[in-house]
Amino acid sequence: MPSNNDTAMEIAGELYSLGANLLQAGKIREATFQFRKALAMAPDFADAAISLGYCLHRLGKYNEAVLVYDAALDSTPTLVAAWNNRGKLF
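Keep in mind that what you see is a predicted model, and the values were worked out from it rather than measured.

### Details of the packing of aromatic side chains
Move 1: Scanning the entire structure with this criterion turns up two aromatic pairs.
Move 2: Seen from their ring centres, Tyr 16 and Phe 35 are 5.6 Å apart, and the 45 degrees between their planes marks the pair as tilted. One end of the pair, Tyr 16, is in helix α1 (residues 4-24); the other, Phe 35, is in helix α2 (residues 28-41), and 19 residues separate them in sequence.
Move 3: Where Tyr 16 meets Phe 45, the ring centres are 5.3 Å apart and the plane angle is 45 degrees; that geometry is what we call tilted. Taken together, the residues Tyr 16 in helix α1 and Phe 45 in the loop between α2 and α3 (46-58) connect sequence positions 29 residues apart.
Move 4: Classification of Tyr 16 as partly exposed rests on a relative accessible area of 22%.
Move 5: Cluster of aromatic residues (ring-pair linked, three or more members): Tyr 16, Phe 35 and Phe 45.

### Some details on the nonpolar core
Move 1: One finds Ala 38, Leu 39, Phe 45, Leu 52, Leu 79 and Ala 82 to be the most contacted residues of the largest nonpolar core, which totals 25 residues.
Move 2: Those elements giving two or more residues to this core turn out to be α1, α2, α3 and α4 (62-75).
Move 3: Once residues within four sequence positions are removed from consideration, Phe 45 is found in contact with Met 9, Ala 12, Gly 13, Tyr 16, Ala 38 and Leu 39.

### A word on the packing of α2 against α3
Move 1: Relative orientation of the contacting elements α2 and α3 amounts to 150 degrees, with a least axis distance of 9 Å. With respect to α3, the element α2 is oriented roughly antiparallel. Relative to α3, α2 is oriented so that their crossing is left-handed. Touching Ile 28, Ala 31, Thr 32, Phe 35, Arg 36, Ala 38 and Leu 39 of α2 are Ala 48, Ala 49, Ser 51, Leu 52, Cys 55, Leu 56 and Arg 58, all from α3.
Move 2: Here the contact of α2 with α3 is composed, by residue class, of ten nonpolar, two polar and two charged.

Definitions and limits used
Residues numbered from 1 in each chain as written. Predicted model: local features only at pLDDT ≥ 70, side-chain atom pairs only at ≥ 80, totals over all residues. Heavy atoms only, no water. Phe/Tyr/Trp six-rings, centres within 6.5 Å; stacked < 30°, edge-to-face > 60°. Helix = DSSP H or I, 4+ residues; strand = E, 2+ residues; numbered from the N terminus. Buried < 20%, exposed > 50% of the residue type's maximum accessible area, 1.4 Å probe, protein only. Core = buried A, V, L, I, M, F, W, Y, C linked by side-chain atoms within 4.5 Å. Contact = heavy atoms within 4.5 Å. Axes fitted to C-alpha atoms, helices over the stretch in contact; angles between N-to-C directions. Parallel < 35°, antiparallel > 145°, perpendicular 65-115°, else oblique. Left-handed = near helix turned anticlockwise from the far one by under 90°. Nonpolar A, V, L, I, M, F, W, Y, C, P; charged D, E, K, R; others polar.

The following block contains the structure:
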């Protein structure tokens, strides 16, 4: 039987996939909502954080994007994509 943590990560993965599909379709606001939900389920989900930061950047919410990248880097300091995307904000 899967643990609650496994189940949360599975749901977060599904939310992330939905967000990625929405982002690819150009629906940035809708994608942002799904990435937020994925992070609520799995706060250390690096791909969801990077994608959320990217969406926020595209929406002109630069300060919020920095906070998302910083949170991701707090848990995984070697996350190159977060450093790279964060640098593009300045």
